[in-house]
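# Structural description and commentary
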Amino acid sequence: MQFHYIGNAPVRSASERTLPVIDPSDGQPYDEIQRGDAADIDAAVRAARHCHEKVWSKLSAAERGRLLMRLAHKINEHADELASIEQRDCGKPTRQARADATALARYFEFYSGACDKLHGETLPYQEGYTVLTWREPHGVTGHIIPWNYPMQIFGRSVGGALAAGNVSVVKPSEDACLSLIRVAELATEAGFPAGAINIVTGYGHEVGDALARHPGVDHISFTGSPRVGTLIQQAAAERHCPVTLELGGKSPQIVFADANLDEALPVVINAIVQNAGQTCSAGSRLLVEQSLYEPLLDRLGNAFANLRVGPAAMDLDVGPLIRASQQQRVWDFLSDAQVANIPMVAQGQVVDEAPETGFYQAPTLLRDVPVTHRLAQEEVFGPVLAAMSFKDEDHAVELANATHFGLVAGIWTLDGSRMLRMARRVKSGQVFINNYGAGGGVELPFGGVKSSGYGREKGFEALYGFTTLKTVAIRHG
Ligand code: NAD
C-alpha cells in the first residue's frame, strides 16, 4: 500500500479511499495508492506554506543548492530501484526507465548549480535614484504531472521551482505515481525540511482540480493534455494564479532529399517508438521531399517491420501502452485510417511472450496521410508514424505548420542556409537540425507555442517562470 507524502511523512487519505495500481505489461493490479481529495490537498498546501515561511525562505541560495545536490546523489544511488519502480508502473522497457532515473538526477544537479546564480539587475533611471530588480519565488507551487515521464517531468518542474526558492505540492498521474513517492522519501533522507516536497495521489478531477483551485497555491505548473490544460487555466483564472502549460504536440520530422539517411533514420524511428509513442514531443509526422519519399519509405518500412514489442522487463524496442483506454484510442485511430484508405507501409511485431491482458500495440508506419486527417492533426499518443511528401521548402513549411500544435520540429538537410530558413519559419518551441531530442536536454529551454502551451521549463530559463520580478526604486538624492 502506498501513501500520500505530506510534511516528510506517509499519510493516508482523509477519505480512506484507495485506487489500484495496474501493471501495463500484464494488465493486473499489484499495489494500491491513496485516492486523495480536496482535504488532502489542503493538508499538503498547509505543510508547504509552513515550510516556506519558517524554513525554506530562510535558507541561503547556496544552502538550497546543497540540498538539491544531495538529492541528486541519492537519486543516483537509488537509480536502479527507481528505474524498476517506473518500469513496472509505466510499462517502460528497462533501458528507458533507467535513462529517466539518470535524467531525474541530472535535473537536480543542474538546478543545484543554478540556485545561487539567479539574480536581479540595477536599472538606469532618473538622477538621484537607484532602481533594483529582485527575483522572488512565488511561494507554494503546484505541479500536475502526467503518466508518460513521471520522473523526468518531476525533475524539470519541481527541481526548477525549488531552485528558485519555492516549495511544492505535486499531483502525479493516477496511472503512474510510485516513483515520485519514493523520490519524496529520498528527499527526506537527503535533509529536505518537512513540507518542501509534498505528493498527493488520486484522480485529476478530484486532486488535480483541488490543487488548481486552492487559494494557497501561488503558481501552477501543468504538464498534460490540451483539454485539461484549458480546465487548469479556467480554475487558475478565478484567482489570477500564474500558470505554466506544457501540453501536447504533433511534431514534424522534415526530411529533405540531401539528408544523411543513415543518420536520420534511427533517430526518426526512435522519436516515434520511444516510450511506445507516448511522448509529447514524439516525432509523429514524417514530411519527406518528393524525390526521396519512395526510397525512404522502403528503408523505414523494413526497419519498422523488425521492431519488437513486449513486456517492459524484456527491454525490447517498445513496451506496452499505459492502460486499456490508451490502447483503445490507438486502435480507433488505426481503424479510422482503414476507413480513409490510408495505406499501411509496415508494422512491428508483438512477441509471443506478451500476455494477452497487457496493453500492446505494434509500431505502425502509414503513408500518404492527408494533412487534414485526424492522424495528421491529433496526438495519437502511440507508436504510429504518419508520413506524407512535400514538393519544396514552401510546401514543407505549410505542412509543418498546419496543426494547432507547435512543440518541437526536426529538420534534416545538409544545406546550411536552408537549415536556418526552415528553423525560422517553423512554428515550434524547439527546432532540432540533423538530430532530434524528444524529451532530451536538461539544459535546453522547453515548451510550446499555439495549443502546445506557454511558458518554458528546463534550462535556466525555467527559473524566470518560477519567480516573480519586484522593482525597488530608491530615491536618495
Ligand atoms: P492528462 O491531461 O489527462 O493528465 C495530466 C495530469 O492532469 C494528470 O495528473 C491528471 O490526473 C491531471 N488531471 C486530469 N484531469 C484534471 C482536472 N480536471 N483538473 C486537474 N488535473 C487534472 O494527460 P495525460 O494523459 O496524463 O498525459 C498525456 C498528455 O500530456 C499528452 O497530451 C501529452 O502530449 C502531454 N504531455 C506534455 C508534455 C510537455 O512537456 N509538453 C510532456 C508530457 C506529456
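Source: prediction; values computed, not measured.

Spatially, the seven strands line up as an open sheet ordered E15-E17-E18-E13-E12-E19-E20, and their pairing is mixed. Looking at which strands have only one partner, the edges of the open sheet turn out to be strand E15 (344-347) and strand E20 (430-433). Taking each pair of neighbouring strands and ignoring which way they run, the sheet shows an average axis angle of 20°. Across the sheet, helix H11 (residues 324-339) is in contact with E15, strand E17 (364-366) and strand E18 (384-390); its angle to E17 comes to roughly 35°. Across the face of the sheet, helix H13 (residues 393-400) comes into contact with strand E12 (252-255), strand E13 (285-289) and E18 while running at roughly 150° to E18.

The next thing to look at is helix H3 (residues 79-90). Helix length check: H3, at twelve residues, gives a terminal C-alpha distance of 16 Å against a target of 16 Å (1.5 Å per residue), a fit within 8%. Taken together, the buried positions of H3 are Ala79, Leu82, Ala83, Glu86, Gln87, Asp89 and Cys90. The inward-facing, buried residues of H3 abut strand E3 (18-23), strand E4 (28-34), helix H2 (61-77), helix H4 (94-114), helix H5 (150-163) and helix H6 (178-189). Residue Gly91 follows H3 closely and has a positive phi angle near 75°.

Across all of its chains, the model carries two cavities of 30 Å³ or more by this definition. Taken as a whole, the largest cavity holds about 80 Å³ of empty space. For the largest cavity, the lining is made up of 14 residues, of which Ala282, Ser284, Glu379, Val380 and Phe381 are closest to its centre. Roughly 60 Å³ of volume is contained in the second largest cavity. For the second largest cavity, the lining is made up of 14 residues, of which Pro252, Ala400, Phe405, Gly406 and Lys427 are closest to its centre. Looking at the lining of the second largest cavity residue by residue, the classes come out as six nonpolar, five polar and three charged.

With that settled, consider the site of the ligand. Around the ligand, a shell composed of 31 residues is seen, among which Arg156, Glu174, Ser225, Leu247 and Glu379 lie nearest. In this structure, an oxygen atom belonging to the ligand sits 2.8 Å away from a main-chain N or O atom of Ile145. Computed on the free molecule, the ligand has an accessible area of 840 Å², of which 91% lies beneath the protein chains in the complex. Put simply, the ligand lies in the largest pocket. When contributions to the shell around the ligand are tallied by element, the ones reaching two or more residues are H5, helix H7 (204-213), strand E10 (219-223) and helix H8 (226-237). Partitioned by chemical class, the residues of the shell around the ligand number 16 nonpolar, nine polar and six charged. The residue makeup of the shell around the ligand includes at least three contributed by each of domain 1 (4-247 + 454-474) and domain 2 (252-440).

The biggest cluster of nonpolar side chains holds 71 residues, and the ones touching the most others in it are Leu71, Phe108, Tyr111, Phe154, Phe192, Ile197 and Ile199. It is H4 that provides the largest number of residues to this core, a total of eight residues. Ignoring any residue separated from it by four or fewer positions in sequence, one finds Phe108 in contact with Leu68, Leu71, Ala72, Ile75, Phe154, Gly155, Gly159 and Leu162. Among the nonpolar cores identified, the runner-up in size contains 58 residues, and Ile254, Val273, Ala282 and Leu375 belong to it.

Let us look at the packing of H2 against H6. Two numbers describe how H2 lies on H6: the axes approach to 9 Å, and their chain directions differ by 125°. Taken together, the axis directions place H2 and H6 in an arrangement best described as oblique. Helix-helix and strand crossings are classified by hand; for H2 and H6 the assignment is right-handed. Mapping the contact onto sequence places Leu71, Lys74 and Ile75 in H2 and Val183, Leu186, Ala187 and Glu189 in H6. Per-class residue counts for the contact of H2 with H6 are five nonpolar, no polar and two charged.

Moving on, we come to the layout of surface pockets. Roughly 1,000 Å³ of internal volume is contained in the largest pocket. For the largest pocket, the lining is made up of 38 residues, of which Phe222, Gly224, Ser225, Arg227 and Val228 are closest to its centre. Put simply, the parts of the chain that give the lining of the largest pocket at least two residues each are H7, E10, H8 and H11. In terms of residue class, the lining of the largest pocket is built from 15 nonpolar, twelve polar and eleven charged. Taken domain by domain, the lining of the largest pocket gets at least three of its residues from each of domain 1 (4-247 + 454-474) and domain 2 (252-440).

It is worth spelling out the packing of helix H9 (residues 261-273) against helix H10 (residues 290-305) at this point. H10 packs onto H9 with a crossing angle of 55° between their chain directions and a minimal axis gap of 11 Å. One finds that H9 runs oblique with respect to H10. As H9 packs across H10, the resulting crossing turns out to be right-handed. Each of Leu261, Asp262, Leu265, Ile269 and Ile272 in H9 lies in contact with H10, whose residues at this interface are Leu292, Leu296, Arg299, Leu300, Ala303 and Phe304. The class makeup of the residues in the contact of H9 with H10 is nine nonpolar, no polar and two charged.

A few words on the domain arrangement of the protein chain. Domain parsing of the protein chain yields domain 1 (4-247 + 454-474) and domain 2 (252-440). The partner domain 2 presents 30 residues to the 24 residues of domain 1 that form the contact. In this assembly, domain 1 packs against domain 2 so that about 2,100 Å² is buried in total across both faces, 48% of it on carbon and sulfur atoms. Our count for the domain 1 to domain 2 interface comes out at two salt bridges. Across the pair Arg95 and Asp315 runs a salt bridge whose closest N-O atoms are separated by 2.8 Å. For the side of domain 1 that touches domain 2, the secondary structure elements donating two or more residues are H3 and H4.

About the cut-offs
Residues numbered from 1 in each chain as written. Predicted model: local features only at pLDDT ≥ 70, side-chain atom pairs only at ≥ 80, totals over all residues. Heavy atoms only, no water. Pairing = 2+ DSSP bridges. Helix = DSSP H or I, 4+ residues; strand = E, 2+ residues; numbered from the N terminus. Axes fitted to C-alpha atoms, helices over the stretch in contact; angles between N-to-C directions. Contact = heavy atoms within 4.5 Å. Expected span 1.5 Å × (residues − 1). Buried < 20%, exposed > 50% of the residue type's maximum accessible area, 1.4 Å probe, protein only. 1 Å grid on protein atoms, 1.4 Å probe; cavity = no way out; pocket = protein on both sides within 12 Å on 5 of 7 lines; lining within 4 Å. Points joined across faces, edges and corners; volume = space filled by probe spheres on them. Nonpolar A, V, L, I, M, F, W, Y, C, P; charged D, E, K, R; others polar. Near = heavy atom within 4 Å. Polar contact = N/O pair within 3.5 Å; in protein donor to acceptor, adjacent residues only side chain to side chain. Areas by Shrake-Rupley, 256 points an atom, 1.4 Å probe, with all protein chains shown as cover. Sits in = over half its atoms within 2 Å of the grid points. Domains from an automatic or database assignment. Core = buried A, V, L, I, M, F, W, Y, C linked by side-chain atoms within 4.5 Å. Parallel < 35°, antiparallel > 145°, perpendicular 65-115°, else oblique. Left-handed = near helix turned anticlockwise from the far one by under 90°. Buried area = accessible area lost by both parts, 1.4 Å probe. Salt bridge = Lys/Arg side-chain N within 4 Å of Asp/Glu carboxyl O.

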